[in-house]
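# Topology and contacts: notes
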Amino acid sequence: MHEGAVCREILLIAERAARQNDIRDITGITLAVGTQSCVNPAQLQFFFEIAKQNTRAEHAVLTIEPDDTITGPRQEFVRAIEGD
Amino acid sequence: MKQVELNESVYARNDSIAQRVRQQLDAHGIRMFNLLGTPGSGKTTLLEQLLREDAQHIAVIEGDLFTDEDTQRVRACGAQAVQLNTQGACHLEADAIEAALAQLNLDGITTIVIDNVGNLVCTAEFALGEHKRIAVISVTEGNDKPRKYPLIFQTSDFVVLNKMDLLPYTDFDPVRFAQDVYALNPHAEILHCSAVRGDGVQKLREYMTGNWEQEEWQWSES
């Protein structure tokens, strides 16, 4: 239910990293999600498509990777971004 | 095409603000409690009972989607209160708490209670800088809540089982409930309460003002 907040943080992290690395156009963001993480991928993608407008991630695809090696709650990590 | 490895937690920003909030509280010698639970579990009624004895030293941060009704209730008890309206968001985050603290006069305050948005899911995921978490569950909600919503029980220090005066009218099994809570969190303290009658409130007050260690906030299970 808090996918809006998670989405906002993903974009904050990605945009900051893009500025620091001189990436103007983010094309991909990879999110690793642990097994007990209470994030719904479909909802997160829905929020992402709306929230990415007018950011450096406007053309980005969000890839959500379930990672069964990560246990415990609140385990969602922005693994990497890519772009030009 | 550039690729940048990050491995940054989406909770990192909130957690660092929560830590800043905690440092500010510790500098003032103030304890903060995060009151969590379902809508209607009796969080605000419990708070009113707590304030009945000592409204001068307790300040309240009220979280709700809409209205300042709970802030009015708390102020009627004589306590300072700040209302946070999330306008639809299901939980409070640390930056809102930091802003609320700036609105409170902390002189003479020993305790701050956050009356969180009524929600068993999202509220548990966000650290607010609190020293302890108090989950409020009522017997009318049914026995299954620890099994269905484990995180709130895993991360709460006190579990208040409220509306015990209604127990004879429900099929709630307090023994099974305690077993389920302890399976998730062996350190949890379960308190039987009836907030409307005031039963069990003194025990909670003693816990809140007791002599426990001010341990670092952390997610021990991660």
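Further up the page is the structure itself.
Remember, it's a predicted structure, so these values are computed and weren't measured experimentally.

## Quick notes on the overall build of chain B
Regarding its fold elements, chain B presents eight helices and eight strands. Its C-alpha atoms give chain B a radius of gyration of 17 Å, within 12% of the compact-globule value 17 Å for 222 residues. Taking the principal axes of its C-alpha atoms as reference, chain B extends roughly 65 × 40 × 35 Å. Within chain B, contacts between residues at least 6 apart in sequence are counted, and of these 74% link residues at least 24 apart.

## Details of helix H8 (residues 201–209) of chain B
In an α-helix there are 3.6 residues to a turn, and that puts residues three or four apart on one side. All names here are of chain B. Those residues of H8 that fall on the buried side of the exposure criterion are Val201, Leu204, Arg205, Tyr207 and Met208. For H8, the angular spread of the buried residues around the axis is 160°, confining them to a single face. Residues of H8 that are buried sit in contact with strand S2 (31–37), helix H2 (43–53), strand S5 (111–115), strand S6 (132–138), strand S7 (158–162) and strand S8 (189–192).

## A word on the interface of chain B and chain A
The interface of chain B with chain A comprises 26 residues on the first partner and 30 residues on the second. Across the chain B/chain A interface, buried area totals approximately 2600 Å², and carbon plus sulfur atoms make up 55% of it. For the pair chain B and chain A, the interface holds four salt bridges. Residue aspartate 15 of chain B is joined to arginine 74 of chain A by a salt bridge in which the shortest nitrogen-to-oxygen separation is 2.7 Å. The interface formed by chain B and chain A holds 17 residue pairs in polar contact (both at pLDDT 80 or more) in total. Where the side of chain B that touches chain A is concerned, the elements lending two or more residues are strand S1 (2–9) and helix H1 (12–28) of chain B. Of the residues that constitute the side of chain B that touches chain A, the class distribution is twelve nonpolar, six polar and eight charged. For strand S3 (residues 76–83) of chain A and S1 of chain B, the ladder comprises six bridges, and the chain directions are antiparallel. Opposite glutamate 82 of chain A, over in S1 of chain B, you have glutamine 3 of chain B as the bridge partner.

## Quick word on the sheet that holds S8 of chain B
The strands that make up a sheet are held in pairs by hydrogen bonds between backbone atoms, and each pair lies either parallel or antiparallel. Residue and element names in this part refer to chain B. Read across the sheet, seven strands follow the order S4-S3-S5-S2-S6-S7-S8 without closing on themselves; strand pairing throughout is parallel. A single partner strand is all that each edge strand has here, and the edge strands are strand S4 (80–85) and S8. Across the sheet, the mean angle separating the axes of adjacent strands is 20° when strand polarity is ignored. Examined bridge by bridge, S7 and S8 share four bridges and lie parallel to one another. In the sheet register, valine 160 faces S8, and the bridge partner there is leucine 191.

Basis of the calculations
- Residues numbered from 1 in each chain as written.
- Chains lettered and ligands numbered in written order.
- Predicted model: local features only at pLDDT ≥ 70, side-chain atom pairs only at ≥ 80, totals over all residues.
- Heavy atoms only, no water.
- Helix = DSSP H or I, 4+ residues; strand = E, 2+ residues; numbered from the N terminus.
- Rg over C-alpha atoms; globule rule 2.2 N^0.38 Å.
- Contact = heavy atoms within 4.5 Å.
- Buried < 20%, exposed > 50% of the residue type's maximum accessible area, 1.4 Å probe, protein only.
- Arc of directions from axis to C-beta.
- Buried area = accessible area lost by both parts, 1.4 Å probe.
- Salt bridge = Lys/Arg side-chain N within 4 Å of Asp/Glu carboxyl O.
- Polar contact = N/O pair within 3.5 Å; in protein donor to acceptor, adjacent residues only side chain to side chain.
- Nonpolar A, V, L, I, M, F, W, Y, C, P; charged D, E, K, R; others polar.
- Pairing = 2+ DSSP bridges.
- Axes fitted to C-alpha atoms, helices over the stretch in contact; angles between N-to-C directions.

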